[in-house]
Amino acid sequence: QITIERISADREIVSNGADVEITAWIANLGGETNSSFTVGFYSGEDTQPFATQALSGISDESIPVTATWNAQKGVDRVRVVADIDNEIIARVRAFP
């Protein structure tokens, strides 16, 4: 299972037009995967990411991924989505 462990910004108070470094820690809780996937950073409710980064081969670890967001008036959050293209297939083991 690929998940966002935590998200941080390099500043707490921002002004319109300021560059803010956003770091998300991407964790794999479901065991080793050699599959690649893309992490996306979104401004507010935007449907297109302002930054993406491809990752692959993470196993039982947390990897920091960083992007720079240009603060915009009226936008109060940045969203981070792991595996924006749904490349990782979740495997569920059934027990009899």
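Calculation notes
- Residues numbered from 1 in each chain as written.
- Predicted model: local features only at pLDDT ≥ 70, side-chain atom pairs only at ≥ 80, totals over all residues.
- Heavy atoms only, no water.
- Helix = DSSP H or I, 4+ residues; strand = E, 2+ residues; numbered from the N terminus.
- Buried < 20%, exposed > 50% of the residue type's maximum accessible area, 1.4 Å probe, protein only.
- Contact = heavy atoms within 4.5 Å.
- Areas by Shrake-Rupley, 256 points an atom, 1.4 Å probe, with all protein chains shown as cover.
- Pairing = 2+ DSSP bridges.
- Axes fitted to C-alpha atoms, helices over the stretch in contact; angles between N-to-C directions.
- Salt bridge = Lys/Arg side-chain N within 4 Å of Asp/Glu carboxyl O.

A.B. asks: Pulling in residues and values, what's your account of the overall build of the protein chain?
C.D. replies: If you tally the helices and strands in the protein chain, you get 0 helices and 6 strands. Reading the helices (α) and strands (β) of the protein chain from amino to carboxyl end gives β-β-β-β-β-β. Among the 96 residues that make up the protein chain, the fraction classed as buried is 31%. Contacts spanning at least 24 positions in sequence make up 63% of the contacts within the protein chain whose residues lie at least 6 apart. About 6500 Å² of surface is accessible on the protein chain, with carbon and sulfur atoms providing 44% of the total.

A.B. asks: Got a sec to walk through the sheet that holds strand 4 (residues 51-56)? Specific residues and values, please.
C.D. replies: Strands sit in the order 4-3-6 across an open sheet of 3 strands; the sheet is antiparallel. With partners counted over all chains shown, the strands left at the sheet margins are strand 4 and strand 6 (78-81), one partner each. With strand direction ignored, the average angle separating the axes of adjacent strands in the sheet is 15 degrees. The pairing of strand 3 (residues 36-43) with strand 4 spans 6 bridges and is antiparallel. Bridge assignment links Phe41 to a residue of strand 4, and that residue is Ala51.

A.B. asks: Tell me about the sheet that holds strand 1 (residues 2-9), and name the residues and values.
C.D. replies: Spatially, 1-2-5 is the arrangement adopted by the 3 strands of the open sheet, whose pairing is antiparallel. Two strands in the sheet have a free side with no partner beyond their single neighbour: strand 1 and strand 5 (62-70). When the angles between neighbouring strand axes are averaged without regard to direction, this sheet yields 25 degrees. Two elements, strand 1 and strand 2 (residues 19-28), share 7 bridges in a ladder whose sense is antiparallel. Residue pairing for strand 2: Ala9 is matched across the bridge by Ile22.

A.B. asks: A description of the side chain of Asp83 should follow, citing residues and the corresponding values.
C.D. replies: One can find Asp83 in the segment after strand 6. Classification of Asp83 as buried rests on a relative accessible area of 9%. Other than its neighbours up to four places away in sequence, Asp83 contacts Phe37, Thr38, Val39 and Ile88.

A.B. asks: Provide a residue-level description of the pattern of salt bridges, including the pertinent values.
C.D. replies: Using the criterion set out here, one finds 3 salt bridges in the structure. A salt bridge links Glu5 to Arg6, with the shortest nitrogen-to-oxygen separation between them at 3.4 Å. A relative accessible area of 42% means that Glu5 is categorised as partly exposed. Residue classification places Arg6 among the partly exposed positions, given a relative accessible area of 44%. As a salt-bridge pair, Arg77 and Asp76 come within 3.2 Å of each other at their nearest N and O atoms. For Arg77, a relative accessible area of 42% translates into the label partly exposed. Asp76 sits in the exposed class, given a relative accessible area of 62%.

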